[in-house]
Amino acid sequence: MNQYESCPECNSSISINAKRCSCGWILEKLQETHRADHRCAFFFAKRRCPLPGTVCPSRGAWYCRNHSKALDNLKQCEAILIHAEKHFDDIMKENINWRKKLFEEKKSNKGNI
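Predicted model, so just to flag it, every value in this text is computed and none were measured. (Residues numbered from 1 in each chain as written. Predicted model: local features only at pLDDT ≥ 70, side-chain atom pairs only at ≥ 80, totals over all residues. Heavy atoms only, no water.)

A word on the overall build of the chain
Right, so step 1: Helix and strand counts for the chain stand at three helices and four strands.
Right, so step 2: Taking contacts inside the chain between residues at least 6 apart in sequence as the whole, the part at least 24 apart equals 29%.
Right, so step 3: Surface exposure of the chain reaches about 8800 Å², of which carbon and sulfur atoms provide 51%. (Helix = DSSP H or I, 4+ residues; strand = E, 2+ residues; numbered from the N terminus. Contact = heavy atoms within 4.5 Å. Areas by Shrake-Rupley, 256 points an atom, 1.4 Å probe, with all protein chains shown as cover.)

Right, dumping it as C-alpha cells:
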C-alpha cells in the first residue's frame, strides 16, 4: 500500500520517501549549498543549469524559463540541461539581442505616442 505525505513547498501529495516534487522542492540532503548566484536551481547528476534563474514557480527556488515549465518531467529537464550546457553562449547572445531589440523599439516609438 502506498503511503503519502504533503510536499513542504506546495502541499501536494507525494510519496512518503519522495526526494523531490513537481513544484521544484528537493529533499535538503540532495541539495548542495550555493551562495546566491542567480543561476537556475535545476540540478541533475551533480550538474547545474548554467542559465539565469528568472522564474520562481514556488517559494524560494528560481529556474530558467525552460526548466520552470518542465519541472514535472525529468527527461525533458535533462534534455534542457544538456542543450543549455552545449549552447550557453548562443542562448545568452539571443537573450541580449532580444533585449537590445526591445529597447530600440521602445526608444523609436517614444516619439510616436
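Moving on, there is more to tell.
Quick look at the environment of tyrosine 63
Right, so step 1: Mapped onto the elements, tyrosine 63 comes out in the loop between strand E4 (47-48) and helix H1 (65-70).
Right, so step 2: Judged by its relative accessible area of 3%, tyrosine 63 falls in the buried class.
Right, so step 3: In sequence terms tyrosine 63 and glycine 24 are 39 residues apart; their C-alpha atoms lie 8.9 Å from each other.
Right, so step 4: Other than its neighbours up to four places away in sequence, tyrosine 63 contacts Gly24, Cys40, Ala41, Phe42, Pro52, Gly53, Thr54, Val55, Pro57, Ser68 and Leu71. (Buried < 20%, exposed > 50% of the residue type's maximum accessible area, 1.4 Å probe, protein only.)

Re the side chain of histidine 67
Right, so step 1: Mapped onto the secondary structure, histidine 67 falls in helix H1.
Right, so step 2: Those residues in contact with histidine 67 that sit more than four places away from it in its chain are Cys40, Phe42, Cys49, Cys77, Ile80 and Leu81.

Description of the side chain of serine 68
Right, so step 1: For serine 68, the position within the fold is in helix H1.
Right, so step 2: For serine 68, a relative accessible area of 17% corresponds to the buried category.
Right, so step 3: Only 2.9 Å separates the side chain of serine 68 from the backbone oxygen of arginine 65, close enough to count as a polar contact. (Polar contact = N/O pair within 3.5 Å; in protein donor to acceptor, adjacent residues only side chain to side chain.)

A short note on the confidence of the model for the chain
Right, so step 1: In this model, the chain carries an average pLDDT of 81, and 85% of its residues clear a pLDDT of 70 or more.
Right, so step 2: Least confident of the elements in the chain is strand E1 (residues 4-6), whose mean pLDDT is 79; most confident is helix H2 (residues 74-86), at 95. (pLDDT = per-residue confidence, 0-100.)

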